[in-house]
Amino acid sequence: MLIGIDIGTGGCKATLIDYRKSIVKTAFEEYATHRPRPTWCEQDPEEWYSAMKAAVRRLLAEVNGKVDALSIDGQTHAAVLVDENGVPLRRSIIWTDQRSIKQTEKIREVVGHQRIIEITYNPAQPLFTLPQLLWVMEEEPAIWRRVSKILMAKDYIRFKLTNELDGLTDHTDAMGTLMFDSRRFEWSREICDKLGIDLSILPKAISSDSIAGYVSKEAAGDLGVDEGTPIVIGCHDVSAEPLAAGAISDGDAFIKLATAGVISMTTKDPKPDLKGRTVTYCLPTIRGKPPGWFTKTATTACGTSYRWFRETFCELEAMKAREQGRSVYALMDELAEKAPPGSMALIYHPYLDGEGAPYYDPNLRGSFFGITSLHRREHFCRAVLEGVAFSIKDSLSIFKELGITANKWTIIGGGSKSKLWCQIVSDIFGVELLKPAYEDASFGTALLAGIGVGIFKDLEEAVKNFFKIERRITPDMERHRYYEKIFKIYRKIHDSLGEVYRELSKIQQENV
């Protein structure tokens, strides 16, 4: 058996693959995102580990057999600052955090906007590790002076499992820091020297399929696996997702409905956007070489929007879900299905924590637009699903500018469990979507564990053996044409209210 562990933004998901019987099982444990101030987002690494233990133990509770290897992926850009003993010095600032705007501007000034993209293939944005580190350096100097090592999310969990502070990461997580030279596959001395980052606190980057330790006796008891089980170093979550989505060939693309709403397109060679509106990473490196690259965009509040709507307006559905033993999201979908496509022209902008692609504007704010006395809760619920899909579609023009087109679309992420949401996305995009049977990043990471210990030869063999299509979603072209009319208004609202959002943001910050 193989286990893949995903330290995601919303929680920890673990996937078990019995590769001889083609059995796949999953388990999930949620953890909190702490928001001490507006636009600040932090998570506790110890809560990651507790959730991971619970997820893996539940995963193994009903199966018999030996775990041959496990691998870990983690949310991108989530650094853990530890002292010489590996103790976290503060909570991890995660990628949805927007506090480091000033530091992002400093990077653009000191290194140069174009230069940072040339070196890293990525633009300077608050979501990356580097501006987060500069914020700690400037605002929490006492903590910064005590930093011995910078670990990424997955690497901190591996440290907890091995009890060895090995100072390792993989190439994909290194690319997510904005300090890694993606042309040469090494840390950029130019960037680090200009911004005062000591190279000695950065981890050594190695191939994603490398064995990077073995489960300790204590951790074996925590998880319910054998002491000495190999741990393949893995990759960051966005590089594991193409494996799960079967998107490892030139022209493969997927949409992800998770905490963020993502478009990802795979290419043979890197296609960085010199205008700085996308991110570009390689697929997990095998034996030190990238078999392919992908360019992706992300709208910030995808699953976050539906979760926010659940917590704020769906107490009734939450109560019924507990009574009936059902998912609250399934009941919310039933509520949304009562509203017609387009939600009677009620438009939702999912800018709850600012916005990522295509605007990268931390001052944007969420809104419902077009409310009338006829709108009811079901219209608002459906409008959230539609507004997120519009927000994802808003980035599609960037790929056209880069000359990247998709030959095949899949849809993955927790939101893809919703048949309603998948249909809405298919109708809004006007394309057929393939829904894989197993599509979480942790599934791709479990395949990577198999490559690392020699069960699979390479990515192609692993994906070929386990990629299965659960269903196909065909667009209703009449609805697509109707959604196109609403989408034009969706964009006009954004373009018209930019200054209003900035004024609101300023007032909100002043009132903290």
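Preceding block: the structure.
Residues numbered from 1 in each chain as written. Predicted model: local features only at pLDDT ≥ 70, side-chain atom pairs only at ≥ 80, totals over all residues. Heavy atoms only, no water.

Q: What is the right way to look at the packing of aromatic side chains in this model?
A: Each aromatic ring pair is described using two quantities: the centre-to-centre distance and the angle formed by the ring planes. Counting across every chain of the model gives 24 aromatic pairs. Between Phe368 and Phe380 the ring centres are 5.0 Å apart and the planes differ by 75 degrees, which places this aromatic pair in the edge-to-face class. Within this pair, whereas Phe368 is found in strand β20 (residues 367-369), its partner Phe380 is found in helix α13 (residues 377-393), the two being separated by 12 residues in sequence. A residue is classified by how much of its surface remains accessible, and Phe380, at 18% relative accessible area, is buried. Considering the side-chain rings of Trp409 and Phe429, the 5.9 Å spacing of their centres and the 65 degrees angle between planes classify their relative orientation as edge-to-face. Taken together, the residues Trp409 in strand β21 (residues 408-412) and Phe429 in helix α15 (residues 419-429) connect sequence positions 20 residues apart. Members of the aromatic cluster, joined through ring pairs, are Trp308, Phe309, Phe313, Tyr348, Phe368 and Phe380. Directly above the aromatic system of Trp40 lies the positively charged group of Arg99, at a separation of 3.8 Å from the ring centroid. Between the NZ or CZ atom of Arg99 and the centre of the ring of Trp135, over which it lies, the distance is 4.5 Å. (Phe/Tyr/Trp six-rings, centres within 6.5 Å; stacked < 30°, edge-to-face > 60°. Helix = DSSP H or I, 4+ residues; strand = E, 2+ residues; numbered from the N terminus. Buried < 20%, exposed > 50% of the residue type's maximum accessible area, 1.4 Å probe, protein only. Lys NZ or Arg CZ within 6 Å of the ring centre and 35° of its normal.)

Q: How should the packing of α13 against helix α18 (residues 477-510) be read in this particular structure?
A: Two numbers describe how α13 lies on α18: the axes approach to 11 Å, and their chain directions differ by 75 degrees. In this view, α13 runs roughly perpendicular relative to α18, as classed from their interaxial angle. Across the interface between the two elements, Arg382, Glu386, Gly387, Phe390, Ser391 and Lys393 of α13 pack against Tyr483, Glu484, Ile486, Phe487 and Tyr490 of α18. Residues that form the contact of α13 with α18 fall into these classes: five nonpolar, two polar and four charged. (Axes fitted to C-alpha atoms, helices over the stretch in contact; angles between N-to-C directions. Parallel < 35°, antiparallel > 145°, perpendicular 65-115°, else oblique. Contact = heavy atoms within 4.5 Å. Nonpolar A, V, L, I, M, F, W, Y, C, P; charged D, E, K, R; others polar.)

Q: Can you walk me through the sheet that holds strand β14 (residues 230-232) in this structure?
A: Sheet strands pair via backbone hydrogen bonds, and the direction of the pair is either parallel or antiparallel. What the six strands build is an open sheet, ordered β3-β2-β1-β5-β14-β13; its pairing is mixed. Edge strands, defined here as strands with exactly one partner in the open sheet, are β3 (23-30) and β13 (211-214). Mean inter-strand twist for the sheet, computed between neighbouring axes without regard to direction, equals 20 degrees. For strand β1 (residues 2-7) and strand β5 (residues 69-74), the ladder comprises six bridges, and the chain directions are parallel. Bridge pairing in β5 links Ile7 to Gly74. Together, β1, β2 (11-18) and β3 form the strand contacts of helix α1 (residues 45-60), whose direction differs from that of β3 by roughly 145 degrees. (Pairing = 2+ DSSP bridges.)

Q: What's the story with the environment of Phe368 in this structure? I'm lost.
A: The partly exposed category is assigned to Phe368, whose relative accessible area is 21%. With 231 residues separating them along the chain, Phe368 and Met137 place their C-alpha atoms 38 Å apart.

Q: Just checking my understanding: could you explain the pattern of salt bridges for this structure?
A: Think of it this way: side chains of opposite charge can pair up when their charged atoms draw near. Per the stated rule, a full pass over the model turns up 42 salt bridges. The salt bridge partner of Arg58 is Glu29, with a shortest N-O separation of 2.5 Å. In this pair, Arg58 sits in helix α1 while Glu29 sits in strand β3, placing the two residues 29 residues apart along the sequence. With relative accessibility at 24%, the residue Glu29 sits in the partly exposed group. We note a salt bridge from Glu241 to Lys256, for which the minimum N-O separation is 2.2 Å. Of this pair, Glu241 sits in helix α9 (residues 237-244) while Lys256 is found in strand β15 (residues 252-257), placing the two residues 15 residues apart along the sequence. Of the two residues, Glu241 and Lys256, both sit in the buried class. One network of salt bridges, in which partners are shared, links Glu42, Arg90, Arg91, Asp97, Arg99 and Glu140. (Salt bridge = Lys/Arg side-chain N within 4 Å of Asp/Glu carboxyl O.)

Q: How do you make sense of the nonpolar core when you look at a structure like this?
A: Most often, soluble globular proteins keep nonpolar side chains buried together rather than apart. Grouped together as the largest cluster of nonpolar side chains are 76 residues, with contacts concentrated most on Ile107, Leu130 and Ile150. At seven residues, helix α16 (residues 441-452) tops the list of elements feeding residues into this core. Not counting residues within four places of it along the chain, the set of residues in contact with Ile107 comprises Gly112, Ile116, Ala124, Leu130, Pro131, Leu134, Leu178 and Leu195. Within the second largest apolar cluster, 51 residues are counted, among which are Ala318, Ala336, Ala389 and Phe487. (Core = buried A, V, L, I, M, F, W, Y, C linked by side-chain atoms within 4.5 Å.)

Q: Mind showing me how you'd approach the pairing of strand β18 (residues 293-299) here?
A: For a regular strand, side chains alternate in direction, first toward one face of the sheet and then toward the other. Among the seven residues in β18, seven count as buried, and that is most of the element. Note that strand β16 (residues 261-267) and β18 share seven bridges and pair antiparallel. Each bridged residue has a counterpart across the sheet, and for Val262 the counterpart in β18 is Ala298. Pairing of strand β17 (residues 279-282) with β18 involves four bridges; the strand directions are antiparallel. Paired with Val279 across the bridge in β18 is Lys296.

Q: Sorry if this is basic, but what is going on with helix α5 (residues 153-162) here?
A: Within an α-helix, residues lying three or four positions from one another point in the same direction, as the helix has 3.6 residues per turn. Most of α5 sits inside the fold, with nine of its 10 residues counted as buried. If you check which residues of α5 are buried, you get Ala153, Lys154, Asp155, Tyr156, Ile157, Arg158, Phe159, Leu161 and Thr162.

Q: What exactly am I supposed to notice about the state of the cysteines here?
A: On inspection of all chains with the given rule, the structure shows zero disulfides. The thiol sulfur of Cys41 is not disulfide-bonded, and the nearest other cysteine sulfur, from Cys302, lies at 15 Å. Classification of Cys41 by relative accessible area gives buried; the value is 0%. The thiol of Cys422 is not disulfide-bonded; the next cysteine sulfur, from Cys302, is found 11 Å away. Judged by relative accessible area, which is 0%, Cys422 ranks as buried. (Disulfide = S-S within 2.5 Å.)

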